[in-house]
Amino acid sequence: MEPVEAMTPLDRTATPSSHEGLGRLIGVGVGPGAPDLLTLRAARLIEGARVLAYPTLAGAPSFARSIAAAHIRDGVEEIAIDVPMTPAREPAQRAYDDGAARIAGQLAQGRDVVCLCEGDPMFYGSFMYLQARLAPRFAVEVVPGVTSVAAASALARLPLVAREGRIAVLPATLPDEALAEGLLRHETVAMLKLGRHFPRVRALIDRLGLTDRATFVARATLPQEVVLPLARAPLEAPYFSLLLIAKDTDPWL
Ligand SMILES: C[S@@+](CC[C@H](N)C(=O)[O-])C[C@H]1O[C@@H](n2cnc3c(N)ncnc32)[C@H](O)[C@@H]1O
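Student: Please provide a residue-by-residue account of the packing of helix 3 (residues 90-108) against helix 4 (residues 127-134), values included.
Tutor: Helix-helix packing is characterised by the crossing angle of the two axes and by the distance between the axes. Packing of helix 3 against helix 4 brings their axes to within 9 Å, and their N-to-C directions diverge by 60 degrees. Looking at the two axes, helix 3 sits oblique to helix 4. As helix 3 runs across helix 4, the sense of the crossing is right-handed. Counting all contacts with helix 3, which are made through Tyr96, Asp97, Gly99, Ala100, Ile103 and Ala104, the residues of helix 4 involved are Tyr129, Leu130, Arg133 and Leu134. Tallied by class, the residues present in the contact of helix 3 with helix 4 amount to seven nonpolar, one polar and two charged.

In structure tokens form, the structure reads like this:
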């Protein structure tokens, strides 16, 4: 008989009997882009997979799949989930509903589904939307991946936080007031999802006198990667770009 604590909803290691005979949903982080930043565990799971799922953004080829390509066996069943990039949430929600239903069809037949996710699955990762839909019925496992923030910090040789330092991760999609508050309250800020918000956040950072503290990183760890002081960054930011703003470098001495 299992101890009572083992069956609490927070214990993800317990396998309820309702999951017997069903496949597992396995979210696998594939890292920020360089194929050799895939973990050994991720590579092993991808090589062993009979069914793979991954997002494609607005019809473009899947970035997550391209990172993992060398480990994908011939003949594997692939479930591409095309996620539209719209400010409204409903079109993406419908895409995840549809993707989750296709994955559920495989899991119900006892097949594990390895779901590829760029970076780390639990860090703004597409996987979390599939997990939310499927975890009530199926066992879920997650393999962490190297995040874009870790990759950018390493490329820029910029320590993220030291000693009592605080870090905030802010999507550039937030309004100026929220971004300014985050920038004022933390020693370090990683700002993601720049895209069309780049000119606005750049002006804000300038108004706060932080331009000389900001580093622009695009397509980190890919052959086309760019690492520049914000003052020398291009006018347009690609989707895979971020800023690291480090206000306080004293603790590093
Ligand atoms: C939906 S989030 C995915 C984050 C991802 N799961 C992670 O662990 O980093 C997408 C944002 O992450 C950032 N990003 C992801 N990969 C990146 C890369 N290779 N270089 C720079 N920024 C990246 C960009 O800010 C992009 O807009």
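Student: I'd like to hear about the sheet that holds strand 6 (residues 167-171), residue by residue, with values.
Tutor: The five strands lie next to each other as 6-7-10-8-9, forming an open sheet whose pairing is mixed. Only two strands of the sheet have a single neighbouring strand rather than two, namely strand 6 and strand 9 (226-229). Each neighbouring strand pair of the sheet contributes to a mean axis angle of 20 degrees, computed without reference to strand direction. Here four bridges tie strand 8 (residues 214-218) to strand 9, and the two strands are oriented antiparallel to one another. The residue bridging phenylalanine 216 from the neighbouring strand is leucine 228, located in strand 9. Across the sheet, helix 5 (residues 148-155) is in contact with strand 6, strand 7 (188-192), strand 8, strand 9 and strand 10 (241-246); its angle to strand 10 comes to roughly 65 degrees.

Student: Please provide a residue-by-residue account of the site of the ligand, values included.
Tutor: The full set close to the ligand counts 22 residues, and Gly119, Thr147, Ser148, Leu192 and Ala220 are the nearest of them. Those elements giving two or more residues to the shell around the ligand turn out to be helix 5, strand 8 and strand 10. Partitioning the shell around the ligand into residue classes produces 11 nonpolar, seven polar and four charged. Mapping the shell around the ligand onto the domain boundaries places at least three of its residues in each of domain 1 (21-146) and domain 2 (149-252).

Student: Got a sec to walk through the environment of arginine 65? Specific residues and values, please.
Tutor: Here arginine 65 shows up in helix 2 (residues 63-68). Spatially, the C-alpha atom of arginine 65 lies 18 Å from that of tyrosine 129, the residues being 64 residues apart in sequence. The residues touching arginine 65, leaving out its near neighbours within four places in the chain, are Tyr54 and Leu116.

Student: Quick one: what's the story with the pairing of strand 10, residue by residue and with numbers?
Tutor: The buried fraction of strand 10 is high, at six of six residues. Both faces of strand 10 are covered, namely the face carrying Ser241, Leu243 and Ile245 and the face carrying Leu242, Leu244 and Ala246. With four bridges joining them, strand 7 and strand 10 adopt antiparallel strand pairing. In the sheet register, methionine 191 faces strand 10, and the bridge partner there is leucine 243.

Student: So, unusual backbone geometry: which residues are in play, and what are the values?
Tutor: You will see that tyrosine 124, though not glycine, has its phi angle at about 50 degrees, which is positive. Positive phi is not limited to glycine here, since lysine 193 has a value of about 55 degrees. Relative to the helices and strands, lysine 193 is located in the loop between strand 7 and helix 7 (198-207). Overall, lysine 193 belongs to the partly exposed group, with 18 C-beta atoms counted inside 10 Å.

Student: Can you lay out the environment of arginine 185 for me, pointing to particular residues and giving the numbers?
Tutor: Structurally, arginine 185 can be placed in helix 6 (residues 176-185). Residue arginine 185 is classed as exposed on the basis of its 10 C-beta neighbours within 10 Å. C-alpha of arginine 185 to C-alpha of isoleucine 167: the two residues are 18 residues apart in sequence and 8.9 Å apart in space.

Procedures and definitions
Residues numbered from 1 in each chain as written. Predicted model: local features only at pLDDT ≥ 70, side-chain atom pairs only at ≥ 80, totals over all residues. Axes fitted to C-alpha atoms, helices over the stretch in contact; angles between N-to-C directions. Helix = DSSP H or I, 4+ residues; strand = E, 2+ residues; numbered from the N terminus. Parallel < 35°, antiparallel > 145°, perpendicular 65-115°, else oblique. Left-handed = near helix turned anticlockwise from the far one by under 90°. Contact = placed C-beta atoms within 7 Å. Nonpolar A, V, L, I, M, F, W, Y, C, P; charged D, E, K, R; others polar. Pairing = 2+ DSSP bridges. Near = placed C-beta within 6 Å. Domains from an automatic or database assignment. Buried ≥ 20, exposed ≤ 12 C-beta atoms within 10 Å, placed from the backbone.

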